[in-house]
Amino acid sequence: MAFRANYVKKGLALALALATALPLLGGCASQNKKMETSIFAMDTVMNLTFYGVDPEAALKGVQEELVAEIYSLEDKLSTTEEGSELYALNEQGQASLSPETAELLTQALELCELTHGALDITAYPAVLAWGFTTGDYRVPDQAELEQLAAGIDYTQLDVDPERCTARIPQGMAVDLGAVTKGYAGDRLARQLEQANITSALLDLGQSTIRVVGSKPDGSPWRIAVQDPAGEGYLGVVELTDLAVGTSGGYQRFFEQDGETYWHILDPDTAAPARSGLTSVTVVGPSGLVCDGLSTALFVMGLEEGTRFWRSHPELEVELLFVTEDGTLYVTPGMDGMFSLAQGYEDREVQVLQ
Ligand code: AMP
Ligand code: MG
């Protein structure tokens, strides 16, 4: 039976986004239903799919809650929407936060520290200067870049998770674009678990995915990894109950005078990170960590990124690096989950130790 995928912009009737339940799986249509919806949020298309055995009305209720949670996070965390908590923080230099924003800011700051600032959520003025938020792209000159780089410093951001407040010096600004989708996936997965849903594929857009359990038939979910140098898929990662995030220069970029400039910036230079990588994929139990680390490891590059991975076994992440010459480097755990796609069988895959 075919599915009718919905694609709605925020603001359209929620009901439209939710009219999707259909039975599946030969023979047990009344037992296991597939719920699927697509929404536009956080500047991307998100596809949320889960399977459940509850009555359809209850499953629709769960689906409604997932969509509401995403919009609620977007309302708090948008940097461009007046009225969001981050907007207030960036405009006024201080803000009262919801517990979710305080939690996310606190955890994002921990990742900034852990990565020694390769992830720096105060890079926003530089992101703006390059035009990545508006699409009015420009290349700042060297003096401007130096000034922007000097203003990127997550240690200046003060978050009080108890009082749910934050402060930032004038002229600085925060952007959680590198971690929000991963965090949203974690929250949605928790909602599904509380609703006793044990099979879900949450595609939060821009290669940020969270799976709950396995596919309804018990096999792992299969997640495609895009070829950063082409249109197709390099390979597939098989996952159960994990998150995956990929960052790459191909995801958002512009070209000027024969040069390509992408949206992942090196906080040391305020310019696009040129570390010799074209993409990094991170798999692990925390969507927030996978999302934030994929951005940070893209900045670090292969050698520093591998050292980081070796010294942080507690993060329980597995990595796939793709370098500019097209070689793939995988950690041993990733080697066990990853397989090359058809047409890419000849690609060199090196296992990191
Ligand atoms: P992602 O797509 O998850 O790799 O995140 C990239 C987004 O995070 C960009 O669009 C910027 O808004 C922001 N960003 C860019 N560079 C950095 C960085 N080094 N640290 C933190 N956020 C960044
Ligand atoms: Mg990220």
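First things first, this report covers the structure right here in the doc. Quick caveat, the model's predicted, so the values are computed rather than measured.

**Points about the site of ligand 1**
Lining the immediate environment of ligand 1, one finds 15 residues, of which Asp-120, Asp-175, Ser-247, Leu-265 and Thr-295 sit closest. In the model, an oxygen atom of ligand 1 is placed 3.5 Å from a nitrogen or oxygen of the His-263 side chain. A distance of 2.8 Å is found between a nitrogen atom of ligand 1 and a backbone nitrogen or oxygen belonging to Leu-265. Starting from 500 Å² of accessible surface for ligand 1 in isolation, the protein chains cover 92%. The site holding ligand 1 turns out to be the largest pocket. The greatest single-element share of the shell around ligand 1, amounting to three residues, is contributed by helix H8 (residues 287-300).

**Description of the layout of surface pockets**
The calculated volume of the largest pocket comes to roughly 1100 Å³. Asp-175, Gly-177, Ala-178, Lys-181 and Arg-252 are the residues nearest the centre of the largest pocket, which is lined by 39 residues in total. Mapped by element, the contributors of at least two residues to the lining of the largest pocket are strand E3 (33-41), helix H2 (56-77), helix H5 (124-129), helix H7 (180-194), strand E12 (243-248) and H8. Looking at the lining of the largest pocket, the element that brings in the most residues is H2, giving three residues. Looking at the lining of the largest pocket, its residues break down into 17 nonpolar, 13 polar and nine charged. Lining the second largest pocket are 15 residues; nearest its centre among them are Ser-207, Ile-209, Ala-224, Gln-226 and Tyr-233. When contributions to the lining of the second largest pocket are tallied by element, the ones reaching two or more residues are strand E8 (199-203), strand E10 (221-226) and E12. Residue contributions to the lining of the second largest pocket peak at four residues, all from E10. Looking at the lining of the second largest pocket, its residues break down into eight nonpolar, six polar and one charged.

Definitions and cut-offs
- Residues numbered from 1 in each chain as written.
- Chains lettered and ligands numbered in written order.
- Predicted model: local features only at pLDDT ≥ 70, side-chain atom pairs only at ≥ 80, totals over all residues.
- Heavy atoms only, no water.
- Near = heavy atom within 4 Å.
- Polar contact = N/O pair within 3.5 Å; in protein donor to acceptor, adjacent residues only side chain to side chain.
- Areas by Shrake-Rupley, 256 points an atom, 1.4 Å probe, with all protein chains shown as cover.
- 1 Å grid on protein atoms, 1.4 Å probe; cavity = no way out; pocket = protein on both sides within 12 Å on 5 of 7 lines; lining within 4 Å.
- Sits in = over half its atoms within 2 Å of the grid points.
- Helix = DSSP H or I, 4+ residues; strand = E, 2+ residues; numbered from the N terminus.
- Points joined across faces, edges and corners; volume = space filled by probe spheres on them.
- Nonpolar A, V, L, I, M, F, W, Y, C, P; charged D, E, K, R; others polar.

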